[in-house]
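# Close look at the chain arrangement
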Amino acid sequence: MNILLELFVVTFRVLWAFVLAAAKWLVRPKEKSVAGQVCLITGAGSGLGRLFALEFARRRALLVLWDINTQSNEETAGMVRHIYREMAEAAAAAPGVAGDGEKDALPHCNLQVYTYTCDVGKRENVYSTAERVHKEVGEVSVLVNNAGVVSGHHLLECPDELIERTMMVNCHAHFWTTKAFLPKMLEMNHGHIVTVASSLGLFSTAGVEDYCASKFGAVGFHESLSHELKAAEKDGIKTTLVCPYLVDTGMFRGCRIRKEIEPFLPPLKPEYCVKQAMRAILTDQPMICTPRLMYMVTFMKSILPFEAVVCMYRFLGADKCMYPFIAQRKQATNNNEAKNGM
């Protein structure tokens, strides 16, 4: 094709993509069904992972829950089973009424949740657990890479082992879980891979170098994977990148921005964050930043001089927002060491 003609076609497609994006803002797309599909969630024992499990359970997905903490993972499974029982009882009370119009989905009585104790920071553990899932459950249709950790130390005070652990869990684990479950998705040209990253994977702050690096890595992995699927013309496999602002799960307890600004940009409620993410996943939205202000922050960081970004950080109190959190972590560590020494 003549390069000028091809340039015209590309320009039209770019403009059309803007039109479609604007239309989705005005008219909410219909959510797809995940009923009867196998959904695997890492870090399902608490926080966002637990809330994702409950949301997918309400949509009648079969849940596979991974977490390093067996007890908390089983607690999540108990909540999921309670939701399944409520739906089964509601269906029995109103026979003939199909939930959400899903005629071919599994009956409520066949919905199950499977739990596996897995340390996603260990490659061999991921692959062996994935093999068990293949044999005991079946093929995974929705993969939610959610597990995450934070060390809570300044760079020069952070043990190398904790830096490696952060990178393994927050970034490398995404490679291993995807390698374990993507081949069948490619074969079927069907699936959805969700990367739960962070706004700190789009822009950074002081004091959490390992965490930011791991989340930047997760974002880069996700974007490259998305391009690879497009290049392979596997349009049946969708990807969604979730980048929330600070979420009030206790993971960054003590983190504070400028007190005059905080009422306008408070920590996100976990329930709100997950509901926004679920809407994005079920409408095949490629990326979701919560709140939407994060899109603007990311754009400004890309075009402004570095000194201008520093000036804005200082005004917002974002330059040292992690310092109170790190101080609390250090105090808690000292207290534990004191108790162990008694």
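All of these numbers come straight from a predicted model, not from anything done at the bench. (Residues numbered from 1 in each chain as written. Predicted model: local features only at pLDDT ≥ 70, side-chain atom pairs only at ≥ 80, totals over all residues. Heavy atoms only, no water.)

### Notes on the overall build of the chain
Stated formally: Every helix listed is a DSSP run of H or I at least four residues long, and every strand listed is a run of E at least two residues long, numbered separately from the N terminus. Based on C-alpha atoms, the radius of gyration is set beside the globule rule, defined as 2.2 Å times the residue count to the power 0.38. Remark: exposure states derive from per-residue accessible area (1.4 Å probe, protein chains only) relative to the maximum for the residue type, with buried under 20%, exposed over 50%, and partly exposed in between. Charge convention: Lys and Arg are scored as positive, Asp and Glu as negative, and His as well as the terminal groups of each chain are ignored. Charge placement uses NZ in Lys and CZ in Arg. For Asp and Glu, CG and CD serve respectively.
On a plain count of helices and strands, the chain comes out with 10 helices and seven strands. Here the chain has a C-alpha radius of gyration of 22 Å; the compact-globule value for 342 residues is 20 Å, and the two agree. For the chain, the spread of C-alpha atoms along the three principal axes comes to 70 × 60 × 40 Å. Counting across all 342 residues of the chain, residues that qualify as buried make up 43%. Between the centroid of the 37 positive side chains of the chain and the centroid of its 35 negative side chains there is a distance of 4 Å.

### Quick notes on the environment of valine 34
As a reminder of what qualifies: Between two residues, a contact is recorded if the distance between any of their heavy atoms is within 4.5 Å.
For valine 34, the position within the fold is in the loop between helix H1 (3-26) and strand S1 (38-42). Under the relative-accessibility criterion, valine 34 is labelled buried at 3%. With 248 residues separating them in the primary sequence, valine 34 and leucine 282 have C-alpha atoms 8.1 Å apart. Filtering out sequence-adjacent residues up to four positions away, valine 34 remains in contact with Phe56, Arg59, Arg60, Ala61, Val142 and Leu282.

### Notes on empty space enclosed by the protein
To keep things clear, this is the line we draw: As defined here, a cavity is a set of points on a 1 Å grid over the protein atoms alone where a 1.4 Å probe fits but cannot get out. A pocket is an open set with protein on both sides within 12 Å along at least five of seven lines, and residues line them when an atom is within 4 Å of a point. Grid points are joined across faces, edges and corners, and a volume is the space filled by probe spheres set on the points. Side-chain classes follow a simple rule in which Ala, Val, Leu, Ile, Met, Phe, Trp, Tyr, Cys and Pro form the nonpolar group, Asp, Glu, Lys and Arg form the charged group, and the remainder, Gly included, forms the polar group.
Scanning all chains against the criterion turns up two cavities of 30 Å³ or more. Looking at the largest cavity, its volume works out to about 40 Å³. Together, Tyr245, Leu246, Cys255, Arg256, Ile257, Glu262, Leu265 and Pro267 line the largest cavity. Considering only residue class, the lining of the largest cavity consists of six nonpolar, no polar and two charged. Roughly 30 Å³ of internal volume is contained in the second largest cavity. Lys32, Val34, Gln37, Ser141, Val142, His190, Gly191 and His192 are the residues that line the second largest cavity. Of the residues belonging to the lining of the second largest cavity, the class tally is two nonpolar, five polar and one charged.

### Thoughts on the pattern of salt bridges
In plain terms, the rule: We define a salt bridge as a contact between a side-chain nitrogen of Lys or Arg and a carboxyl oxygen of Asp or Glu at a distance within 4 Å.
Under the definition given, this model contains 12 salt bridges. Between arginine 50 and glutamate 75 there is a salt bridge, with its nearest N and O atoms 3.4 Å apart. With arginine 50 in helix H2 (residues 47-58) and glutamate 75 in helix H3 (residues 70-93), this pair connects stretches of sequence that are 25 residues apart. Its relative accessible area of 17% is what places arginine 50 among the buried residues. For glutamate 75, a relative accessible area of 39% translates into the label partly exposed. In this structure, arginine 258 engages glutamate 260 in a salt bridge whose closest nitrogen and oxygen atoms are separated by 3.1 Å. On the basis of relative accessibility, which here comes to 35%, the residue arginine 258 falls in the partly exposed class.

### Side note on the packing of helix H4 (residues 123-136) against helix H5 (residues 160-188)
Definition in use: Fitted lines through C-alpha atoms serve as axes, helices being fitted only where they are in contact, and the angles separating the N-to-C directions of these axes extend from 0 to 180 degrees. Throughout this description, any angle smaller than 35 degrees is read as roughly parallel, any larger than 145 degrees as roughly antiparallel, any in the 65 to 115 degree range as roughly perpendicular, and the remainder as oblique. The handedness criterion is simple: a crossing whose near helix is rotated anticlockwise from the far helix by less than a right angle is left-handed, and one whose near helix is rotated clockwise is right-handed.
At a closest axis distance of 9 Å, the pairing of H4 and H5 adopts a crossing angle of 25 degrees. Classified by the interaxial angle, the pair formed by H4 and H5 is roughly parallel. Remark: the crossing between H4 and H5 carries right-handed chirality. Judged by residue contacts, Arg123, Val126, Tyr127, Ala130, Val133 and His134 of H4 engage Trp176, Thr177, Lys179, Ala180 and Phe181 from H5. In terms of residue class, the contact of H4 with H5 is made up of seven nonpolar, two polar and two charged.

### Considering the environment of arginine 314
Within the element layout of this structure, arginine 314 appears in helix H9 (residues 306-316). For the pair arginine 314 and methionine 168, spaced 146 residues apart in sequence, the C-alpha to C-alpha distance is 31 Å.

### Let's talk about the sheet that holds strand S4 (residues 142-145)
Paired through their backbone hydrogen bonds, the strands of a sheet run either parallel or antiparallel. Quick note on the threshold: Only strands joined by at least two bridges in the DSSP assignment are considered to pair.
Pairing is parallel in the open sheet, where seven strands are placed in the order S3-S2-S1-S4-S5-S6-S7. Each edge of the open sheet carries a strand with a single partner, namely strand S3 (113-117) and strand S7 (287-290). Averaged over all neighbouring strand pairs, the angle between strand axes comes to 15 degrees, with direction disregarded. Bridge count for S1 against S4 is three bridges, and the pairing is parallel.

### Quick look at the side chain of serine 199
Along the polypeptide, serine 199 turns up in the loop between strand S5 (191-196) and helix H6 (209-231). Ignoring anything within four residues of it in the chain, the contact list for serine 199 reads Cys243, Pro244, Tyr245 and Met294.

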